[in-house]
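# Observations on the three-dimensional arrangement
Listed here are the chains, written in short residue letters.
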6 protein chains.
Amino acid sequence: MAKWDISPVVQGLQQARHEWRERQNRIKEIGGRELPSKEVLKSILDDLCGILFPMRLGPADLRQETEDYYISYTLDRVLNALYGQVKLALDYELKSKSRQNYEQDSAAISQQAEIVVQNFAKTLPHIRRLLDADVCAAYEGDPAAHSVDEVLLCYPGILAIIHHRLAHQLYPHVPLLSRIISELAHSATGIDIHPGASIGSGFFIDHGTGIVIGETCIIGEKVRIYQAVTLGAKRFETDADGSLKKDYQRHPIVEDQVIIYAGATILGRITIGKGSVIGGNVWLTHSVPAGSQILQSPSESHHQKKTA
Amino acid sequence: MAKWDISPVVQGLQQARHEWRERQNRIKEIGGRELPSKEVLKSILDDLCGILFPMRLGPADLRQETEDYYISYTLDRVLNALYGQVKLALDYELKSKSRQNYEQDSAAISQQAEIVVQNFAKTLPHIRRLLDADVCAAYEGDPAAHSVDEVLLCYPGILAIIHHRLAHQLYPHVPLLSRIISELAHSATGIDIHPGASIGSGFFIDHGTGIVIGETCIIGEKVRIYQAVTLGAKRFETDADGSLKKDYQRHPIVEDQVIIYAGATILGRITIGKGSVIGGNVWLTHSVPAGSQILQSPSESHHQKKTA
Amino acid sequence: MAKWDISPVVQGLQQARHEWRERQNRIKEIGGRELPSKEVLKSILDDLCGILFPMRLGPADLRQETEDYYISYTLDRVLNALYGQVKLALDYELKSKSRQNYEQDSAAISQQAEIVVQNFAKTLPHIRRLLDADVCAAYEGDPAAHSVDEVLLCYPGILAIIHHRLAHQLYPHVPLLSRIISELAHSATGIDIHPGASIGSGFFIDHGTGIVIGETCIIGEKVRIYQAVTLGAKRFETDADGSLKKDYQRHPIVEDQVIIYAGATILGRITIGKGSVIGGNVWLTHSVPAGSQILQSPSESHHQKKTA
Amino acid sequence: MAKWDISPVVQGLQQARHEWRERQNRIKEIGGRELPSKEVLKSILDDLCGILFPMRLGPADLRQETEDYYISYTLDRVLNALYGQVKLALDYELKSKSRQNYEQDSAAISQQAEIVVQNFAKTLPHIRRLLDADVCAAYEGDPAAHSVDEVLLCYPGILAIIHHRLAHQLYPHVPLLSRIISELAHSATGIDIHPGASIGSGFFIDHGTGIVIGETCIIGEKVRIYQAVTLGAKRFETDADGSLKKDYQRHPIVEDQVIIYAGATILGRITIGKGSVIGGNVWLTHSVPAGSQILQSPSESHHQKKTA
Amino acid sequence: MAKWDISPVVQGLQQARHEWRERQNRIKEIGGRELPSKEVLKSILDDLCGILFPMRLGPADLRQETEDYYISYTLDRVLNALYGQVKLALDYELKSKSRQNYEQDSAAISQQAEIVVQNFAKTLPHIRRLLDADVCAAYEGDPAAHSVDEVLLCYPGILAIIHHRLAHQLYPHVPLLSRIISELAHSATGIDIHPGASIGSGFFIDHGTGIVIGETCIIGEKVRIYQAVTLGAKRFETDADGSLKKDYQRHPIVEDQVIIYAGATILGRITIGKGSVIGGNVWLTHSVPAGSQILQSPSESHHQKKTA
Amino acid sequence: MAKWDISPVVQGLQQARHEWRERQNRIKEIGGRELPSKEVLKSILDDLCGILFPMRLGPADLRQETEDYYISYTLDRVLNALYGQVKLALDYELKSKSRQNYEQDSAAISQQAEIVVQNFAKTLPHIRRLLDADVCAAYEGDPAAHSVDEVLLCYPGILAIIHHRLAHQLYPHVPLLSRIISELAHSATGIDIHPGASIGSGFFIDHGTGIVIGETCIIGEKVRIYQAVTLGAKRFETDADGSLKKDYQRHPIVEDQVIIYAGATILGRITIGKGSVIGGNVWLTHSVPAGSQILQSPSESHHQKKTA
C-alpha cells in the first residue's frame, strides 16, 4: 500500500491560490462559495421545460387532466428555487462592481430578486408561444421532420432555443446566471448561443453542432440556421490602455426570413437584409441588402487525376 | 419570503397550450404521454452496448466465463423493454397517420411489435460483425490509435456507429424511436447520423464533432470521414402548394473506400465514385467519378504583411 | 406476453466474439475486464477539479477556512483511486506490448504506478498556475467575459484545458488512461485535444465546439484558438508493408501569441511563426514566418441576384 | 483469480424450484412476476403521507399557498400508480382462488380496480380526520410530548397508524397488497398491525416496538396501547382434516377508552370492557367488564439478599 | 385509462386541514415548512459517526494517515449543516412558546444557534471517550463478542448509544431536533432512548429490541441492560384541570453497575441501588437498596401433562 | 456566517483515538479499513435472495424463461463479491488471533477464501429446500396467511431465516462477516438470531419483533416461535481471572415440533423436549421432557375494582 507525500502538494496549491487571490484582491478569511450553482440551475431548467411543455417534457406519468395542478405546484417551487439563485447572482454582481466599498444590503437584494423572478414568471406564456412558432418552423423547414412531436423530442435546436429564450429574459439582471444556463445547453447540444443575443420568433436550427451566436446579435423572425454557422465579432476594439473594450455592438444583425447554410461565417456589426440566403461555408464581413443570395465562389475546388 | 402571483401565469400557459392544441387538432380530455421515452431508450442502448461488447462495455464486474449468461439474461430483459417502447411508437405512428378515423387495435400493434423486436434481435450478431470491422478500420486508419481497445473505449465515432447501426435496423418500423436513439448519440458525441442513412462495413469516423449525415445517404464499405463533414441535401423540393416534399432521395451516395477530410460539404443526390478522396473544406455539389481527388483551390488564402 | 427466441442470438453473438478473439489472439478462459474505467476516471477528474479550484469547482458547501483540510483528505483519496487505475493501465500496456511472452510482475507494476502517481501529484501546483494563466487569458481575450469567475464556471474551453493539462502529465506513462480522460472532456465540450499535445501557458479557447488538436502538436504561450479549428496531420505515412506508421511528428508547431480564428484548418508538421494571425476558414499546409497574417482569399463568395 | 464451479449450483437450484412448483401446481413456461411490488407501494405510501399532511410529511420545499396544487397533482399520480398495483393484486387473488379453471378477464379486473381506487380516494378526508384525532390523543396522552408537530414527526406510532388506516381501507379488496403495506410500517417501527384489524379514532401507541394487533381485532375509540402489547389469538382451530381454519374471529375486542400498558398479552375473542386499564405484563385470556383494572399479581418478584 | 374524480377529495382534505389549523390556531397564508428535517439530520448523524470513529464508521476509502484532514473538513461541514437545523429548531421552539405575540429575531436566533453548535462541537472528544468505554463494556460483558471491532460494527446498542450521547447534548436547547435524532436510532435498532435521559459511561445494551428508556431517567456508570427492558413512568400526574402534567421527574434512577435482564419493567421515580441485579421479566415499582437481587417469583409457571 | 473553532475538537478527538489505540495495541502508520463492509454485504444478500427465489425476490422485470441465465450470471458475480469480503474477514481473523507476530500470507488467505466461497455455493440448493419448508410451515401454521406468496413477500420471519441460513453456513469460517449479515436482518425485522445458532427445517417465526436466539442454541425441526421469545444464556461463567468465558455451550436445545408462544424466556443449556408447548410470557430455566405443556401460573393477574 502506497503512502503519498501530500504535504508539499497541499502547500504548493495553497501558495498558488494565495498568489491568485492577492492578484485578484480576493483574500478573505471565512465563508462559502456564494455563487449560482450549475446543478441547481440544471434542475430549475428541467422543471421549466416541464412547465412549458407538460405533456412532452414534463414527468413521464403526468396526465392531461391534471396538468394545471402540476404546473401550479411546480411553478411555485421553481420560482422559489430561482429566487435563491437570483439573490446569489445579484449579490455577486454587486460585489464585483464595487469590491472596494461593497456594503451588501440583504433586504434590497431580496426585493430586487423578487421583482426579477416575478417578471420572469409573467413572460412564460409569451415564451411558450415563441417556442410553438419555433417548433412549427422546424417542422415546416425540414423534409426529415415527420411530426411536431419529433421536433420537440429529437431536435437539439429546440432544446437550445428553450434554454436561450429563458436565459435571455434573465440576462439584463443576472448575466452570470444566464451564462451558466446557456452553457448547459451548449454542453448538451454543441449549440452556443450567448444569452445576450436577441432572436425573433419562428427560429429554426437544424443539426446545430458548432453554431455560435454572439452576445450582441439581433436576429429577426423566421430565420433558419444550419450547423457550424458563426455569427461573430470581426475584431475586438481596445481601450486607450490596450485592454479590450467590453459590451459594445459587435455582432451581426440578421433580418427576417434569412437562411444561413452550414459552416457560413458572418462577422462584425453588419446587416443581412431580409430574405437573404447565405450559402454554406460562405465568409461574410460586410452587409448585404434584402434578397441577396451569397454563394461560395464556384472555383472552390479542383479535380486532380489519380496518378496510378 | 416571497409570494408569487402564479395564477395569471398558469392561465396564460393554459391558453397558449389550448391554442396550440386547437391548431394541431389535439384537444382531448384525459390520458398520459404515450410516447417512447428518452430515458428508457438510453437505458436500453446501454444494455445493448453491453450485449454487443460484454467485456468492454458491459458491467465492470463481468467475467469472461459467464458472459453468455449475462447476455442471455440481459437480452431477454432488454427485448421486453424495447417491446414496450416499440408498442408506444407503433401506436403513435398509426395515430399520426390517420388522426381522424383512428381505431387503435391493441392486439394488432402488439403482434407487430413482437415481429419488429424479434427481427431486431436476430440481426445483433450481424451488427456485431459490422462493428468489429468498424473498430478495425479505425485502428488501421489512425496513426494515433494504439490498440483496438483504445478505439472501443475512447473513439466517439464508435459510440455513434453502434447507436446508428441499431437505430437504422429499427428505422423502417418505428422512425420516431430511431430518431431518439440517434439524438442520444448526437448529444454525447456531436456526430449527427440520421437513422435512415445506409452505411457499409468498415466505416471510420475520426474526431467526429460536427459531422452530419442525412436521411437518404448511401455509404459504401471502408469509407473514412473526418470531423465537421456534411453529407446533406442541396435544396428542398416543394409541393404544388409550396410546402416541403418529404421523404425523397436528396442526400449523396458515397461509394466504397472513399475518404472525406474534415469540413468537406457534399450536397445533393450526387455520387462520389469508389476510392475518391475529398479534401478538407471542399464544397461539392456534383458527382465525381471513381478515383477522383478533389482538393480545395490552392489560392485559398493569401498572406498579408504585418504593417507595423 | 411475448416470448423471445434468444438462443440463436446468443449463439450468434458468441460465434462473432469467438472469431474476433481468434483474430486478435485473445482467447482466454477466465477473468474480468482489467482496464481503466471511464466512470472511475470521471470521478477522479471531478475530485481533481475540486482540488485545483476548491472554492469554484469543489463541493458546494465547502468554506474557505477549511479548504486545506478538504484538499488534503481528497488528494490522498484521489491519489489512491488513481493509483488503482494506473496499475490497471500499466498492466494493460505491458500485456499489449508482448502478448506472446508476457510475464506480469505485479510488484514491479505497483512500484512503477506509485512513482507515476507521486510525480503526478507533485505537478499539481504547477498545473494550477498554468490554469490561472489560462483563466486570465480568457478574461483578457473575450469582450463578452465579465469576470474571471464567469470564465471558470461557464467556459467549456477551461474545462477542456483542465482535463488536458492533467491528462498530458500522465500521457507518457499511461496513454490509454490519458485518452479516456481527454474523451471525457471531448464529450462534455466538443473540444478534442489529444493528451500528447504540448500546450504552453495562457492558452485561450473560445466557444470551442469542433476544435481538434492532434497528438504531436506543440503550442507555445498565449495562443488563442476559436471554434472548429483543426490542428491536424496532412497525410499518413505508411510502412514498407503498407500499414500506417504510428507515433511520428505529424502535427503543427504553433509559436507564442498566435491567434487562429474559427474554422481554420492547419495540417502537417509545419510551423506557425510567433505572433501570426490565421484568419477564419483558412486552409494552411505550409509554414509561415513570425508575424504573418493569413486571411482567406477575398474572392471567397459572390453575390447572385434573386431571379424572381 | 478464482473460477467458480457454478453449473451444479444452478442445476441444483433449478431442481429445487421445479420440485416446489410441482408441489404448488405452478409449472408454467413464460411470464414475469405479476405481483404487487414492495418498492412501488413504498413510494405510493410516501406520497399518500404527503397528501394527508402536506406541510409536515410532504416535500421539503412545499409552501402552504400551493398545497392544493401539490395535492391535486400528486393525488392523480398516486391513484394511477395504485390502480396499477390493485390490478396486479386483483388478478393475483382471482388466480389464487381458482388456479384450475382460471379465465382472466382483463377488462373486468380493470373495472373493479377502478372502483376500488376511486372509493379509496373518497375516504382520504375521513382518514385525515381520524389521524388528526390520533395525533391529539398522543399529545394529550404523553407527558413527554411537547407539541403536535413532535408527535407527527417523531412518534413511530403515528407512522404505523397512517399506514394501517390506509391499508385497512384496501384490505377487503386486495388483502395481499394491504399486508405488504402493513409490513412496510412493521419494518420501520416494530409495530405489527394486521390490516384486517378495525381501530377507532383517537388511537395512541407509545414507543410501540413489539406491538402485535391481530387480523380480527376490534378496537374502540380513544384506546391507548404501549410497547410490546399483544392482541392475539389464543389457540388455532383446525378443520376435520386437521388443517388450520382460516379467517374466523379469534382476536380481542377492546372497547372505548381502554388503556393497555407495556408487555400485556391479551388473547382470544374476548372483550375488554369500556374504560378498563390493563396493567403492564398482564396475561389475559378472558373477558373483563367495563371499568376493570387488571394488574399483575403483587407477588411477581422476590428479593434475594446477596451472599457476599 | 381511468379518470379519477379528485376534486371532492382535494376539497375534503382542504376542509379537514382548515379545521385542524383553526383548532390549533395555525391559519396563515404563505410560507414553507421551517422545521428540522429528518433526512438532513440523518446525513449529519452519519457524518458525526464518521468523525467519532473514522476508521470504522467513516468513508470506506479513508486511510489512517489522513484521518485528521477528513475529520477537520467533515467537522466544519457538519457543524454548518447542524447550525442550519438548530436555527430552524430554535425558531420553532420560540414560535411554539408564544404563538400570539411572536416576534422572531433572526439575529438573536443565529447567535444562540452558534453558541449551541460550538458548545456541541467541544464535547465531541468527551463523547468519544464515553463511547470507547461503552464499546469496552460490551466486549467485556458479552461472551459472544469476539472483538471490539465486532461490537462497533454489529451491536445495535452501540448505534443507539452514539445517537443518544449526541442527542442528549443538544436536548436542553433544541428538544424537537433531539427527538428526531433519537427516533432515527429507534427505527434502525428498536431501542427507544429519550434524549432527555442521562446515562453514565460504560453502558452496555445487548440485543436491545424493545428497550424503552424514559425522558427523566438517570442511569449510573457501567450499567448493563438487555432487550425489552422498560424504564418508564408509573402513572401520569394531572393538573387541576385534568390535563397531563409535563416535564416532571417520573422515571427511575439506576445506580452504578446495575444489571437489568431482558423484559424487566421498572416504573416510576424509584431508585435501583448500586450493583443490583434485576431478573428477566421482573415488574418493579419500588426502590431497592444497593446490592439487591430481584428475581421473578419461582411459581411463575406450571407444567401440565399432555392428555393424549 | 459562523466560523467554528474546530482545532481543539480535532486535537481532542485525535488524543482520544490515540489513547484508545494504545490501549488496544493498534498504533500503526498507514493503511485503510480492511474490514468486511456492511454496504457490500447488504448488496450480496439482496442478490442471494434473488438467486434463491428469482420470481419473488429477484429483479422486478425477470421472466421465468430466463431465470437460469439470471441466476448463473448473478451467482458468479455474487461469489466474486463474497470472495473479496471473505478474504478481508479471514485476514482480520488471523490478525486478531496473533497481533504480535502476525505474518499475513496473502496467497494462503486467497486459497482458503476460495474454498469457503465454493463450499458456500454448493449448499445453496440445500438452503433453498430448507427455506421452502420454512415457507410451508408458515403457511400451515398461521390462520392469517392466505398463500405461500404472502408468506414470502410479507413475513419478516422469512427474511430473517433466509439471512440466518446463509450466515450460519459462513459462521465457522468468517464469524465477524456472519454477524454483520445477521445484524442486517435484525435491523430490518427486529429478529436477532446469532449466526452460530443451529436451526432445523420447517422453522416458523410469527410477527417476530424482539426475538433473540443465542449463539449456541440448537433448534430441531418444525419448531414454531412467536414474537419476543428469548432463547438466551442464564448466567455467564468467568475464568479464574474473573473475565468472561467465551464460546461455551450456554443456550437452550429445542427439540422437534416445539411451540414457544410470545414473550417466553428460556435460559441456559437446558433441553425443551420434543413436541412441548411453552406458553406466552413463561420464564423457564430448567429442562422439560418431551410433550410438556408449560403455562404461566393462573394467578398471574388480579382484578381491582375501580374506586370511583
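Residues numbered from 1 in each chain as written. Chains lettered and ligands numbered in written order. Predicted model: local features only at pLDDT ≥ 70, side-chain atom pairs only at ≥ 80, totals over all residues. Heavy atoms only, no water.

Take the overall build of chain A next. A count of helical and extended segments in chain A gives nine helices and 15 strands. Seen along its three principal axes, the alpha-carbon backbone of chain A occupies a region of about 65 × 60 × 55 Å. Across the 308 residues that make up chain A, the buried fraction comes to 63%. Put simply, 45% of the contacts in chain A that link residues at least 6 apart link residues at least 24 apart. With 32 positive and 36 negative side-chain charges, chain A shows a spacing of 5 Å between the two charge centroids. (Helix = DSSP H or I, 4+ residues; strand = E, 2+ residues; numbered from the N terminus. Buried < 20%, exposed > 50% of the residue type's maximum accessible area, 1.4 Å probe, protein only. Contact = heavy atoms within 4.5 Å. Lys, Arg positive; Asp, Glu negative; His and termini not counted. Charge placed at Lys NZ, Arg CZ, Asp CG, Glu CD.)

Further remarks concern the interface of chain A and chain D. With 13 residues of chain A in contact, the opposing surface of chain D contributes 13 residues. Interface area, chain A with chain D, both sides summed: about 1,200 Å², of which 58% is carbon and sulfur. Among the residues chain A hides against chain D, the three largest losses belong to Y69(A), Y73(A) and D76(A). Together they make up 43% of the total. Taken together, chain A and chain D are joined by four salt bridges. Between D76(D) and R63(A) there is a salt bridge whose closest N-O contact spans 3.4 Å. Connecting chain A to chain D are six residue pairs in polar contact (both at pLDDT 80 or more). Grouping the amino acids of the side of chain A that touches chain D by side-chain chemistry returns five nonpolar, three polar and five charged. (Buried area = accessible area lost by both parts, 1.4 Å probe. Salt bridge = Lys/Arg side-chain N within 4 Å of Asp/Glu carboxyl O. Polar contact = N/O pair within 3.5 Å; in protein donor to acceptor, adjacent residues only side chain to side chain. Nonpolar A, V, L, I, M, F, W, Y, C, P; charged D, E, K, R; others polar.)

Another point: the interface of chain A and chain B. On the chain B side, the residues contacting the 68 residues of chain A number 65 residues. Each partner contributes to the roughly 5,800 Å² buried at the junction of chain A and chain B, and carbon and sulfur atoms together form 54% of this total. Taken together, the connections running from chain A to chain B amount to five salt bridges. With its nearest N and O atoms 2.5 Å apart, the salt bridge here joins E67(A) to R21(B). Taken together, chain A and chain B are joined by 16 residue pairs in polar contact (both at pLDDT 80 or more). When contributions to the side of chain A that touches chain B are tallied by element, the ones reaching two or more residues are helix 2 (38-52), helix 3 (54-57), helix 4 (67-97), helix 5 (106-122), helix 6 (124-141), helix 7 (148-154), helix 9 (175-189) and strand 15 (301-304) of chain A. Ranked by residues supplied to the side of chain A that touches chain B, first place goes to helix 6 of chain A with ten residues. Grouping the constituent residues of the side of chain A that touches chain B by class yields 29 nonpolar, 21 polar and 18 charged.

Let us look at the sheet that holds strand 2 (residues 198-199) of chain C. On the basis of which strands lie adjacent, the open sheet formed by four strands has the order 2-5-8-11 (chain C) and parallel pairing. At either margin of the open sheet sits one strand with a lone partner, and together these are strand 2 and strand 11 (271-272) of chain C. (Pairing = 2+ DSSP bridges.)

What follows deals with the sheet that holds strand 8 (residues 253-254) of chain B. All names here are of chain B. Strand order across the open sheet formed by four strands is 2-5-8-11, with parallel pairing between neighbours. Since the sheet does not close on itself, it has two edges, and those belong to strand 2 (198-199) and strand 11 (271-272), each with one partner. Pairing analysis gives two bridges linking strand 2 to strand 5 (residues 218-219), with the strands arranged parallel. Within strand 5, the position partnered with S198 by the bridge is I218.

Right, let's get into the relation of the copies chain A and chain D. The two copies are related by a screw operation: chain A maps onto chain D through 180 degrees of rotation and 0.0 Å of translation along the axis, at an RMSD of 0.0 Å. On the angle and the small slide along the axis, the relation comes out as a two-fold axis. Considering only C-alpha atoms, the residue of chain A closest to the rotation axis is Y69(A), which sits at 2.4 Å. Here 100% of the contact residues of chain A are again contact residues in chain D; the copies associate through an equivalent surface. (Least-squares fit on C-alpha atoms with pLDDT ≥ 70 in both.)

Before going further, it helps to examine the environment of I109(F). All names here are of chain F. Examined against the element boundaries, I109 turns out to sit in helix 5 (residues 106-122). On the basis of relative accessible area, I109 is assigned to the buried category, the value being 5%. Along the chain, I109 and L176 lie 67 residues apart, while their C-alpha atoms are 16 Å from each other.

Right, let's talk about the domain arrangement of chain A for a bit. How big an interface is tends to be stated in terms of the accessible area lost upon association of its parts. Residues and elements named next belong to chain A. For chain A, the assigned domains are domain 1 (34-191) and domain 2 (197-238 + 246-308). Computed from C-alpha coordinates alone, the two centres of domain 1 and domain 2 are separated by 27 Å. If you look at the interface, domain 1 gives 18 residues, while domain 2 gives 18 residues. Summing the contributions of domain 1 and of domain 2, the shared interface buries around 1,300 Å²; its carbon and sulfur component is 58%. The tally of links between domain 1 and domain 2 comes to zero salt bridges. The interface formed by domain 1 and domain 2 contains eight residue pairs in polar contact (both at pLDDT 80 or more). Every element with two or more residues in the side of domain 1 that touches domain 2 is listed here: helix 6 and helix 8 (156-170). Per-class residue counts for the side of domain 1 that touches domain 2 are nine nonpolar, six polar and three charged. (Domains from an automatic or database assignment.)

Moving on, we come to the packing of aromatic side chains. Throughout the structure, instances matching the rule amount to 27 aromatic pairs over all chains. On the basis of an interplanar angle of 40 degrees and a centroid distance of 6.5 Å, the ring pair of Y155(B) and F204(B) is categorised as tilted. In this pair, Y155(B) is assigned in the loop between helix 7 (148-154) and helix 8 (156-170) and F204(B) in strand 3 (residues 204-205), connecting sequence segments 49 residues apart. There is no split in this pair, since Y155(B) and F204(B) are both buried. Centre to centre, the rings of Y226(D) and Y261(D) are 5.1 Å apart; their planes meet at 25 degrees, and the pair counts as stacked. Of this pair, Y226(D) sits in strand 6 (residues 224-226) while Y261(D) is found in the loop between strand 9 (259-260) and strand 10 (265-267), placing the two residues 35 residues apart along the sequence. (Phe/Tyr/Trp six-rings, centres within 6.5 Å; stacked < 30°, edge-to-face > 60°.)

What follows covers the environment of A145(E). Mapping A145(E) onto the fold places it in the loop between helix 6 (124-141) and helix 7 (148-154). For the pair formed by A145(E) and Y155(E), sequence separation is ten residues and the distance between their alpha carbons is 9.3 Å. Leave out the neighbours within four places in its chain, and A145(E) touches A138(E), Y139(E), E150(E), V151(E), Y155(E) and K246(F).

Now for the relation of the copies chain A and chain B. Structural alignment of chain A on chain B gives an RMSD of 0.0 Å, achieved by rotating through 120 degrees and translating 0.0 Å along the axis. Both chain copies can therefore be described as sitting about a three-fold axis. A distinct binding surface is used by each copy, with only 6% of the interface residues of chain A retained as interface residues in chain B.

Look at helix 1 (residues 7-23) of chain A against helix 4 (residues 67-97) of chain C: their axes get within 10 Å of each other, and the N-to-C directions meet at 140 degrees. With respect to their mutual orientation, helix 1 of chain A and helix 4 of chain C come out oblique. Crossing handedness for the pair helix 1 of chain A and helix 4 of chain C: right-handed. The segment helix 1 of chain A lies against helix 4 of chain C, with V9(A), V10(A), L13(A), Q14(A), R17(A) and R21(A) engaging E67(C), D68(C), I71(C), S72(C) and L75(C). A breakdown of the residues in the contact of helix 1 of chain A with helix 4 of chain C according to their chemical character gives five nonpolar, two polar and four charged. (Axes fitted to C-alpha atoms, helices over the stretch in contact; angles between N-to-C directions. Parallel < 35°, antiparallel > 145°, perpendicular 65-115°, else oblique. Left-handed = near helix turned anticlockwise from the far one by under 90°.)

This part covers the pattern of salt bridges. Overall, the coordinates contain 102 salt bridges over all chains when judged by the stated rule. With a closest N to O distance of 2.8 Å, R129(E) and E19(F) form a salt bridge. Note that R129(E) is positioned in helix 6 and E19(F) in helix 1 (residues 7-23), a pairing that runs across two chains. Classification of E19(F) by relative accessible area gives partly exposed; the value is 25%.

Another point: the side chain of D76(A). Here D76(A) shows up in helix 4. Overall, D76(A) belongs to the buried group, its relative accessible area being 2%. Separated by 3.4 Å, the side chains of D76(A) and T66(D) make a polar contact. If we skip the residues at most four places from it in the chain, D76(A) touches W4(B), I6(B), R63(D), E65(D) and T66(D).

Inspection of the secondary structure assignment puts D142(F) in the loop between helix 6 (124-141) and helix 7 (148-154). No salt bridge is formed by the buried D142(F), whose closest oppositely charged neighbour, R250(D), lies at an N-O distance of 4.9 Å.

Let us now look at helix 1 of chain F. Taking 1.5 Å per residue, 17 residues should reach 24 Å; helix 1 of chain F reaches 24 Å between its end C-alpha atoms and fits that length. As for helix 1 of chain F, its buried residues are in contact with helix 2 (38-52), helix 3 (54-57), helix 4 (67-97), helix 5 (106-122), helix 6 and helix 7 of chain E. Phi turns positive one or two residues past the end of helix 1 of chain F, at N25(F), with a value near 55 degrees. (Expected span 1.5 Å × (residues − 1).)

Once that is clear, we can look at unusual backbone geometry. The residue Q257(A) is not glycine, and still its phi comes out positive at about 60 degrees. With respect to the helices and strands, the residue Q257(A) is situated in the loop between strand 8 (253-254) and strand 9 (259-260). Looking at Q257(A), the relative accessible area reads 42%, which means it is partly exposed. Positive phi outside glycine occurs at E34(B), with the angle close to 55 degrees. Considering the arrangement of structural elements, one finds E34(B) in the loop between helix 1 (7-23) and helix 2 (38-52). Taking the relative accessible area as the measure of exposure, E34(B) reaches 31% and is therefore partly exposed.

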